[in-house]
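Okay, here's what each chain looks like letter by letter:
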Amino acid sequence: MRLGRIAHPEGICFAIIDGPKDAPMEELVAKEISGTPFTPPEPTGREWKLGEVRLLAPTLPTKVVALGRNYADHVAEVFKKSSDSLPPTIFLKPSTAVIGPNEAIKIPDYATNVEFEGELAVVISKPSKNIKAENWKDHVLGYTICNDVSSRDLQFKDGQWARAKGIDTFCPLGPWIETDLESLDLDDQKINAYLTHDGSREQKQDSNTDQMIVKMGGILEEISAAYTLLPGDVITTGSPAGTAPMVPGDTIEVEIPGVGTLRNTIARAQ
């Protein structure tokens, strides 16, 4: 099941996103549910074609907890060091950084080298603490996509990553939540990203979750040992190599087969 959050002519709601997985997005149907996705969804009977509504970020997290340096090739690409000397690390992105599909990532003047990072993420289903690696699925509502937008200049200038990765709009999420946890093979799951610049679309990320250093169960076990996770919180699993700078006027698409495509434009912050 795909669960999304939409703005429709009369307000905002959570919805089941229904239709064939290979159908054009605008032909899918958003079926409103009462309440939130954290209880069994109950359709209200109201529905709209996705082309008639606006997809929002599929969850309103209290926090986004991210794992950095979880792909060896990305560590070498960005930090010019071996992952043996720079192991995975945990950081936070604030809820104010979250935006949805097709919204603009807005780059402020003081961020001069902003890159995308396409990542697989999960949405937490219930209050969770001290998750055991083997039981991680008991605490997860489903998969979504995160673009961990990062200002490299600030990341290296500041020494810590709070500002570089936490600027408003620097955490696109979506397009929805895929709740079938068996739909992805996390030992062999593609992650792709495509950057359109000056009208030319080029694949930048072409990787696979089989390269993750810490696997999903280990990620949730380590993070939940430090933080109590609440329903709707998002956990990201790290970026593979292939990240690249983005500038206003560009478009970035992160694609994870079986989940969907998260598309955002790039603009200058006002």
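None of these values were measured; they are calculated from a predicted model.

The rules we used
- Residues numbered from 1 in each chain as written.
- Predicted model: local features only at pLDDT ≥ 70, side-chain atom pairs only at ≥ 80, totals over all residues.
- Heavy atoms only, no water.
- Pairing = 2+ DSSP bridges.
- Helix = DSSP H or I, 4+ residues; strand = E, 2+ residues; numbered from the N terminus.
- Axes fitted to C-alpha atoms, helices over the stretch in contact; angles between N-to-C directions.
- Buried < 20%, exposed > 50% of the residue type's maximum accessible area, 1.4 Å probe, protein only.
- Polar contact = N/O pair within 3.5 Å; in protein donor to acceptor, adjacent residues only side chain to side chain.
- Contact = heavy atoms within 4.5 Å.
- UniProt positions renumbered as here; feature names shortened; annotations may be inferred.

Undergrad: Please explain the sheet that holds strand E9 (residues 104–107) as it appears in this structure.
TA: In sheet architecture, strand pairing relies on hydrogen bonds along the backbone and comes in two forms, parallel and antiparallel. The strand order across the open sheet formed by five strands is E9-E19-E18-E15-E16, and the pairing between neighbours is mixed. Only two strands of the sheet have a single partner each, and these edge strands are E9 and strand E16 (200–208). Taking the axes of each pair of neighbouring strands and ignoring which way they run, one obtains an average angle of 20° across the sheet. Across five bridges, strand E15 (residues 190–197) lies against strand E18 (residues 251–256) in antiparallel orientation. Among the inter-strand pairings, Ala193 is bridged to a residue of E18, identified as Val254.

Undergrad: Is there a simple way to explain the side chain of Asn70 in this structure?
TA: Within the secondary structure layout, Asn70 lies in the loop between strand E6 (64–68) and helix H1 (72–79). What makes Asn70 buried here is its relative accessible area of 0%. A polar side-chain atom of Asn70 sits 2.8 Å from the main-chain amide nitrogen of Val214. When near neighbours in sequence (up to four residues on either side) are disregarded, Asn70 contacts Pro88, Gln211, Met212, Ile213, Val214, Ile219, Thr237 and Gly238.

Undergrad: How should I be thinking about the UniProt feature "domain: Rv2993c-like N-terminal" (unreviewed entry) in the protein in this particular structure?
TA: Taking the UniProt record as the reference, the feature "domain: Rv2993c-like N-terminal" (unreviewed entry) is found at residues 1–58. End C-alpha to end C-alpha, residues 1–58 measures 13 Å, and it is 0% helix and 55% strand.

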